[in-house]
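# Observations on chain architecture
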Amino acid sequence: MKPTPAPLGLYLHIPFCRSKCVYCDFYSLPRSEDRMDAYADALCAHLTETAPFAANHLVDTVYFGGGTPSYLGAKRLAKILKVILKKFRVAKDAEITLEANPDSAGDWKALRTLRKCGFNRISLGMQSADDTELAEIGRVHTMAQVSAAVEAARKAKFQNLSLDLIYGLPHQTLEGWQKTLSAAADLEPEHLSCYGLKVEAGTPLFDRKDTAGLPGDEAQADMYLYAVEFLKAQGYEQYEISNFARPGFASRHNLKYWTLGEYAGFGPGAHSDFGGVRYAYTRDLEAYIRGARDHAPMLSESERIPPLDRDTEWIMLGLRTTAGLDPKVFENRFRRRFACFLPFLRQCAGAGYAVEEDGCWRLTPRGFLVSNQIIGGMLDALAADKQRRAEAAARGDFRVHLD
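Now for a quick tour of the structure. (Residues numbered from 1 in each chain as written. Predicted model: local features only at pLDDT ≥ 70, side-chain atom pairs only at ≥ 80, totals over all residues. Heavy atoms only, no water.)

### Some words on the layout of surface pockets
The volume enclosed by the second largest pocket comes to roughly 260 Å³. Lining the second largest pocket are 15 residues, and of these His46, Glu49, Thr50, Phe53 and Tyr281 lie nearest its centre. Looking at the lining of the second largest pocket, the elements with two or more residues in it are α1 (36–50), β11 (263–266) and β13 (277–281). Grouping the constituent residues of the lining of the second largest pocket by class yields nine nonpolar, five polar and one charged. (1 Å grid on protein atoms, 1.4 Å probe; cavity = no way out; pocket = protein on both sides within 12 Å on 5 of 7 lines; lining within 4 Å. Points joined across faces, edges and corners; volume = space filled by probe spheres on them. Helix = DSSP H or I, 4+ residues; strand = E, 2+ residues; numbered from the N terminus. Nonpolar A, V, L, I, M, F, W, Y, C, P; charged D, E, K, R; others polar.)

Now the structure itself:
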């Protein structure tokens, strides 16, 4: 009897964009259209070279992210996906996502071409329904273009559509955020991502953060909590801190990241967790093209992590989801007791930040707002437990393993 192939996600980083937003710290390159063909060829070569290493895997998700993947053009995107479908073992019901900006996703015929070649999910970067807010953060589209892109996607017969939104934008009020959420819900997407604006060092927004009119932490918290309640009332189920979906439409690819599933990334800056190794490619377009063409080194980092050492990742990622942490899964997977976390989790529950349901622990919406602090407390509890066990072992006292 043949073993069941392990599931695998593929991530394709498309670094091109029409212009760079003031908050963006992803590896993306405006005004580099002349390198698109060379890059598409490099991706195809790298995919072809890597495919044999995934022979025992079944690709069940493919995600084209960026940058602005739709800016690469339908022909190049179709060419890359064709290589994936030919060289990898791809599930018939695989989720195949294309990120797109509204200004480059308004041609329904081009979208129909992409759907026919295999794409079945589109994630549109709407961000806001207010044209003034969009201009403030350097977005090159308008709300009218968002509506047109949604209409084009539906006309092209896409039945799985996601919209990205950002709250905490410069000069944004709770009322403005409410209008954006209402406008997004009116477009009837199957999925919504709501991200709090992060001001990253090295971005233009960081340089003027003190004068940009950014809402404070309390205002951002109000926006987040409103989104959770509003989207619930609209029929969207929250399944991760920032993600909401109609039943059956949670992003299968993104869930891989939060459940320690395997994924292989391609492109400059892309990360992977594949074959027990975490690795990333250099954030340099030309170095990546050379590496794919000449088999030259292009990794920026690589680390092999034993399965039993992934307990901290499991805790950190699991607390981002509404499924939360199952003590039995933890104990079976990492061969250690979950009890060390219980005193801290009970404190969190007493403060309204966590709940225990059906034996599993998860954060509440208010807990999600302080998830970094809660994760820090959980990791402190884990570190203290490991230290206690190490000291007991040094004394020759192995009864601690029975705790």
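The discussion continues.
### Section: the packing of aromatic side chains
To describe a pair of aromatic rings, one takes the distance between the centres and the angle between the planes. The final tally for this structure, using the stated rule, is 17 aromatic pairs. Pairing phenylalanine 16 with tyrosine 39 gives two aromatic rings, centres 5.6 Å apart and planes at 75 degrees, and the pair type is edge-to-face. A residue pair is termed long-range when its members are at least 10 positions apart, and phenylalanine 16 in strand β2 (residues 16–17) and tyrosine 39 in helix α1 qualify at 23 residues. By relative accessible area, phenylalanine 16 is classed as buried at 1%. (Phe/Tyr/Trp six-rings, centres within 6.5 Å; stacked < 30°, edge-to-face > 60°. Buried < 20%, exposed > 50% of the residue type's maximum accessible area, 1.4 Å probe, protein only.)

### A look at the pairing of strand β1 (residues 6–14)
In terms of burial, β1 is a largely internal element, seven of the nine residues being buried. Pairing geometry for β1 and strand β4 (residues 57–66), over nine bridges, is parallel. Bridging from a neighbouring strand, leucine 8 pairs with valine 59 of β4. Where β1 meets β11, four bridges bridge the pair, whose relative direction is parallel. (Pairing = 2+ DSSP bridges.)

### Topic: the side chain of arginine 121
Positionally, arginine 121 belongs in strand β6 (residues 121–127). Buried and without a salt bridge, arginine 121 has glutamate 95 as its closest oppositely charged side chain, separated by 4.3 Å. Discounting chain neighbours no more than four positions away, the residues touching arginine 121 are Tyr63, Glu95, Ile96, Thr97, Leu98, Phe158, Asn160, Ser162, His191 and Ser251. (Lys, Arg positive; Asp, Glu negative; His and termini not counted. Salt bridge = Lys/Arg side-chain N within 4 Å of Asp/Glu carboxyl O. Contact = heavy atoms within 4.5 Å.)

### Examining the pattern of salt bridges
In this structure the tally under the stated criterion is 18 salt bridges. Between lysine 256 and aspartate 60 there is a salt bridge, with the nearest N and O atoms lying 2.9 Å from each other. Remark: aspartate 60 occurs in strand β4 and lysine 256 occurs in helix α9 (residues 252–258); sequence separation between them is 196 residues. Neither lysine 256 nor aspartate 60 differs from the other in exposure class; each is buried. Among the ionic pairs, glutamate 240 bridges to arginine 320, the shortest N-O distance being 2.3 Å.

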